[in-house]
Amino acid sequence: MVTRRRQPSFSEIVDAVKATPATPDPGADKPGVHADGTVVAPGGRAYTVAAHDISSAAAFDAAAAGAQVAWDPCGCNGYCGLTWFDEAEVARMVAEGRPQIRRTKKAYGSIAEYRSEDGRVLLLVEESVRWGDFLA
């Protein structure tokens, strides 16, 4: 006579899954916009949203104070990639004056402010924003 092996109960399966250590996400440090809404810069610094839509004056002030700037040219939330600007390029943007956020029937530009745990600021510029010769 052959004895059959007892199948684990549902609660035993749940307990086993809970006891299994979670594996870290391999793309957690990859630059760009992540599914949880955080933005990771090329250096690995993570930013979380502080304000979804700020004025051009607030964006100018943040950039003048040293904020990092990234551009999402098509407004796809970073799916096709972001353009990252270095400190010298941001300084030239500031020298050009305030950004112009275009909002028309066919174009909707916006600037979101993100902050890292250490208080640094990232400006995520989306779609129809003109800022000197850098964004158009």
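Residues numbered from 1 in each chain as written. Predicted model: local features only at pLDDT ≥ 70, side-chain atom pairs only at ≥ 80, totals over all residues. Heavy atoms only, no water.

**Q** So what exactly am I meant to see when it comes to the environment of A41 here?
**A** For A41, the location among the structural elements is in the loop between β2 (39-40) and β3 (46-51). Of the residues examined, A41 reaches a relative accessible area of 3% and is grouped as buried. A41 sits 29 residues away from A70 along the chain, and the two C-alpha atoms are 8.7 Å apart. Those residues in contact with A41 that lie beyond four places of it in its chain are P31, Y47, Q68 and W84. (Helix = DSSP H or I, 4+ residues; strand = E, 2+ residues; numbered from the N terminus. Buried < 20%, exposed > 50% of the residue type's maximum accessible area, 1.4 Å probe, protein only. Contact = heavy atoms within 4.5 Å.)

**Q** What exactly am I supposed to notice about unusual backbone geometry here?
**A** As a rule of thumb, non-glycine residues mostly have phi less than zero, and peptide bonds are mostly trans rather than cis. Its identity is not glycine, yet N77 carries a phi of approximately 65 degrees, on the positive side. Along the chain, N77 turns up in the loop between β4 (68-72) and β5 (83-85). Even without a glycine there, the phi angle at E127 is positive, about 60 degrees.

**Q** Hey, could you run me through the pattern of salt bridges in this one?
**A** Two side chains of opposite charge can pair, provided their charged atoms sit close to one another. Under the definition given, this model contains five salt bridges. We note a salt bridge from D118 to R45, for which the minimum N-O separation is 3.4 Å. You can see D118 sitting in the loop between β7 (110-116) and β8 (121-126) and its partner R45 sitting in the loop between β2 and β3, a full 73 residues away along the chain. Between R115 and E113 there is a salt bridge, with its nearest N and O atoms 2.9 Å apart. Where salt bridges share partners, they join R45, D118 and R120 into one cluster. (Salt bridge = Lys/Arg side-chain N within 4 Å of Asp/Glu carboxyl O.)

**Q** In this structure, what is going on with helix α2 (residues 56-64)? I would like to understand it.
**A** Each full turn of the α-helix corresponds to 3.6 residues, which orients residues three or four apart in the same direction. Taken residue by residue, α2 has S56, A59, A62 and A63 as its buried positions. Along the long axis of α2, the arc covered by the buried residues comes to 125 degrees, so they all point the same way. In this fold, the buried residues of α2 make contact with α3 (87-96), β6 (100-101), β7 and β8. (Arc of directions from axis to C-beta.)

**Q** Hey, could you run me through the nonpolar core in this one?
**A** Formed by 18 residues in total, the largest nonpolar core has its most connected members in V69, F85, I111, L123 and V125. Listing elements by their share of this core, those giving two or more residues are α2, β4, α3 and β8. When neighbours within four sequence positions are excluded, L123 is seen to be in contact with I54, A59, A62, A63, A67, Q68, V69, A70, I111, A112, E113 and W131. Of all hydrophobic cores here, the second largest spans ten residues; its members include V33, Y47, L82 and Y114. (Core = buried A, V, L, I, M, F, W, Y, C linked by side-chain atoms within 4.5 Å.)

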